[in-house]
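# Residue-level structure breakdown
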Amino acid sequence: QVQLAESGGGFVQVGGSLRLSCAASGSMFSILGMGWYRQTPGNQREFVAALDSRGGTNYNDALKGRFTISGDSAKNTRYLQMNTLKPEDTGVYYCAAEALDRREPDPSPKEFWGQGTQVTVSA
């Protein structure tokens, strides 16, 4: 199995910054891509950003460039830099990964999710 461990969440004032980390482990799997989602109060879980194995990125347009995803492929770790934080950014941020089981002859991608990390932005 692929295990994902998020860290970096916490309390921050309006206008501040946080950097989230997501470390993936699982030697029998090849990671195709990793990304971030969030669950904010009163809203459904929404997509934040993603980074594929070729370095391609994708962002939620509503974030207007305040968030940046990056990664260290050698460590199977991805980061989410969050700047100019607003109260509406408060919520639980989840790391997700898409991976292939190397033990299978013709595997299909599978999704894995972390436990989430809480981000609280104080007004």
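Here we summarise the structure given alongside this text. (Residues numbered from 1 in each chain as written. Predicted model: local features only at pLDDT ≥ 70, side-chain atom pairs only at ≥ 80, totals over all residues. Heavy atoms only, no water.)

Attention now moves to unusual backbone geometry. You will see that N76, though not glycine, has its phi angle at about 50°, which is positive. As for its position among the elements, N76 is in the loop between β7 (67–72) and β8 (77–82). With a phi close to 45°, T84 is a non-glycine residue in the positive phi region. Position of T84 relative to the elements: it lies in the loop between β8 and β9 (91–101). (Helix = DSSP H or I, 4+ residues; strand = E, 2+ residues; numbered from the N terminus.)

Along β8, five of the six residues are buried, which leaves the element largely enclosed by surrounding structure. Relative to β8, strand β3 (residues 18–25) is paired through six bridges, and the arrangement is antiparallel. Bridging across to β8, C22 finds its partner in R78. The pairing of β7 with β8 spans six bridges and is classified as antiparallel. Note that in β8 the partner of D72 across the bridge is T77. Counting the residues in the hairpin turn of β7 and β8 gives four residues, including N76, whose phi is positive at 50°. (Buried < 20%, exposed > 50% of the residue type's maximum accessible area, 1.4 Å probe, protein only. Pairing = 2+ DSSP bridges.)

Here we come to the pairing of strand β1 (residues 3–7). The alternating pattern of β1 places L4 and E6 on a buried face, while none of Q3, A5 and S7, on the opposite face, is buried. Where β1 and β3 come together, five bridges link them in antiparallel fashion. Residue pairing in the sheet places A5 in a bridge with A23 of β3.

Distances and angles like these do not, on their own, reveal function.
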